[in-house]
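Residues per chain, in single letters:
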Amino acid sequence: MKTFIVGNWKLNFNVGEASIYLHKLQKKLPNYRDIEVVVAPSTIAIQPLSLQIDRHKMKLAAQNAFYRDYGSYSGETSFSQLRGVVDYCIIGHSERRYIFGENDKDITKKVEAAIRNKITPILCIGETESERAFNETSDVIRDQLLGGLRDVSEEDISKVIIAYEPVWALSNGKNSKLASPDEVSDAVKLIRKTLEELYGKKAAEEVAILFGGNVRPSNAGGYLTVPGVNGIMVGGASLILSEFTDIIEIAKRVRS
Ligand code: PGA
């Protein structure tokens, strides 16, 4: 399995800035076969970047999309419109859940729509600070996993990527703390176990699990060497070219 490094640019970079960043990133980046570098720009930048991107070096992701293909849904972009333009879509990011009120029902439909449109869903799950304080971490992880994967068949589960992103560890969090590699390891074990119960051992092993939460060059190696972690999702540090390329280099070193 490849190691995934996903840069989530969130609501940053206008089209010109995104294009310049991509140009510099592509220039700096060798063509690593075993590292899948993915960047997720704002929706408005996706189309121009899709014409600029060297798909041998990296891939594009959307940060969100809507599950209906077309219709009276003002302000939305559908998976069918993104088909062939992006390879991945982040689904159920905690900012979508807690700022925009997305629930597991919406997320299930989005995962299904992504797969139907040949876009790999990166399903984000993770507990908040208070859920962890109340010892609800395992329940939240299981519920969000079961919720998001409700309509995913055994045949399709290998097309899904899971990103474990504890909300309290994201760099935008109010009292943001770093997750320890042990905490990440516990969550990843639980995710694999739940996948195994749902889809069997072999299928569970084929699902890529990423970690996200204030990943920086200083801690990326620690997270990438947690058994069962197949990559990382990077927010803040993905906006700084040198940090993002350092993280990719670290992933390459950890692999070899
Ligand atoms: P962060 O964001 O790296 O800035 O914590 C990660 C994410 O939200 O995916």
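The structure presented is a predicted model; accordingly, all values stated were derived computationally and were not measured. Here the residue numbering is sequential within each chain, running from 1 through the sequence in written order. This being a predicted model, a pLDDT of at least 70 is required before a residue's local features are given, and a value of 80 or more before pairs of side-chain atoms are given or counted; all residues contribute to the totals for chains, interfaces and linings. As a rule here, side-chain values cover all heavy atoms of the structure and leave hydrogens and water aside.

Below, the discussion takes up the sheet that holds strand S6 (residues 161-164). Note on pairing: DSSP must find at least two bridges between two strands before they are called paired. For helices the rule is a DSSP run of H or I covering at least 4 residues; for strands it is a run of E covering at least 2, with both sets numbered from the N terminus onward. Spatial ordering of the closed barrel is given by S1-S2-S3-S4-S5-S6-S7-S8, a layout of 8 strands whose pairing is parallel. Between one strand axis and the next, the sheet turns by 25° as a mean value, whatever way the strands run. Where strand S3 (residues 58-62) meets strand S4 (residues 88-91), 2 bridges bridge the pair, whose relative direction is parallel. Bridge pairing in S4 links Ala62 to Cys89. Along the sheet face, helix H10 (residues 217-224) touches strand S1 (3-8), strand S7 (208-212) and strand S8 (231-234) and points at about 145° away from the line of S8. For every element, the axis is a line fit to its C-alpha atoms; helices are fit only across the contacting stretch, and the angle between N-to-C directions ranges from 0 to 180 degrees. Contacts between residues were defined by any pair of non-hydrogen atoms, one from each residue, lying within 4.5 Å.

Our focus in this paragraph is helix H2 (residues 43-52). Three or four residues apart is the spacing at which side chains of an α-helix point the same way, because the helix has 3.6 residues per turn. Residues of H2 that are buried include every one of Ala45, Ile46, Leu49 and Ser50, and no others. Around the axis of H2, the buried residues are gathered within 140° of arc, so they sit on the same side. Seen from the buried face of H2, the exposed residues on the opposite side, beyond 90 degrees, are Ile44 and Leu51. As for H2, its buried residues are in contact with helix H1 (15-28), S3 and helix H3 (79-82). A simple rule labels every residue: compare its accessible area, found with a 1.4 Å probe on the protein chains alone, to the largest value its type can have, and call it buried under 20%, exposed over 50%, or partly exposed in between. Our arc is simply the arc of the directions from the helix axis toward the C-beta atoms.

Another point: the nonpolar core. By size, the foremost hydrophobic cluster in this structure holds 73 residues, and its most contacted members are Leu149, Ile162 and Ile232. Residue contributions to this core peak at 7 residues, all from helix H8 (residues 181-199). Residues in contact with Ile232, not counting those within four places in the same chain, are Phe4, Ile5, Val6, Leu210, Phe211, Val215, Ala220, Tyr223, Leu224 and Ile247. We call a set of buried Ala, Val, Leu, Ile, Met, Phe, Trp, Tyr and Cys residues a nonpolar core when their side-chain atoms join them within 4.5 Å. One finds Phe4, Val6, Ile161 and Ala208 within the second-largest nonpolar core, a separate group that totals 14 residues.

This paragraph deals with the pattern of salt bridges. When the charged atoms of two side chains lie near each other, side chains of opposite charge can form a pair. Salt bridge criterion: a side-chain nitrogen from Lys or Arg within 4 Å of a carboxyl oxygen from Asp or Glu. Applying the stated rule across the entire model yields 21 salt bridges. The closest approach of N and O atoms between Arg96 and Glu102, which form a salt bridge, is 2.9 Å. According to the relative accessible area criterion, Arg96 is partly exposed, its value standing at 22%. Classification of Glu102 as buried rests on a relative accessible area of 9%. When the shortest N-O distance is used, the salt bridge between Glu197 and Lys193 registers 3.6 Å. Taken together, the residues Glu197 and Lys193, both in helix H8 and 4 residues apart, mark about one turn of the helix. The exposure class of Glu197 is partly exposed, given its relative accessible area of 47%. Connected through shared salt-bridge partners, Lys2, Glu36 and Lys59 make up one network.

With that out of the way, let us pick up the site of the ligand. Here a residue is considered near a molecule or strand provided that any single heavy atom belonging to it is located within 4 Å of it. Near the ligand, the surroundings consist of 13 residues, among which Lys10, His93, Glu165, Ser171 and Asn214 are the closest. Identification of polar contacts relies on pairs of N or O atoms within 3.5 Å, with a donor-acceptor requirement for protein atoms, meaning one able to donate a hydrogen and the other able to accept it, and with residues adjacent in sequence counted only if both atoms are side-chain atoms. At 2.7 Å from an oxygen atom of the ligand is found a side-chain nitrogen or oxygen belonging to Lys10. The Shrake-Rupley method, run with a 1.4 Å probe sphere, supplies the accessible areas, and residue values consider only the shown protein chains as cover. Protein contact buries 99% of the 280 Å² of open area that the ligand shows by itself. Judged by the proximity of its atoms to the pocket grid, the ligand belongs to the largest cavity. For this classification, Asp, Glu, Lys and Arg are treated as charged, while Ala, Val, Leu, Ile, Met, Phe, Trp, Tyr, Cys and Pro are nonpolar and the rest, including Gly, are polar. By residue class, the composition of the shell around the ligand is 4 nonpolar, 7 polar and 2 charged. Using a grid of 1 Å spacing that covers the protein atoms alone, one calls a set of points a cavity when a 1.4 Å probe fits there but cannot get out, and a pocket when the set is open and has protein on both sides within 12 Å along at least five of seven lines; lining residues are those with an atom within 4 Å of a point. Think of it this way: a molecule belongs to a cavity or pocket when more than half its atoms come within 2 Å of the grid points there.

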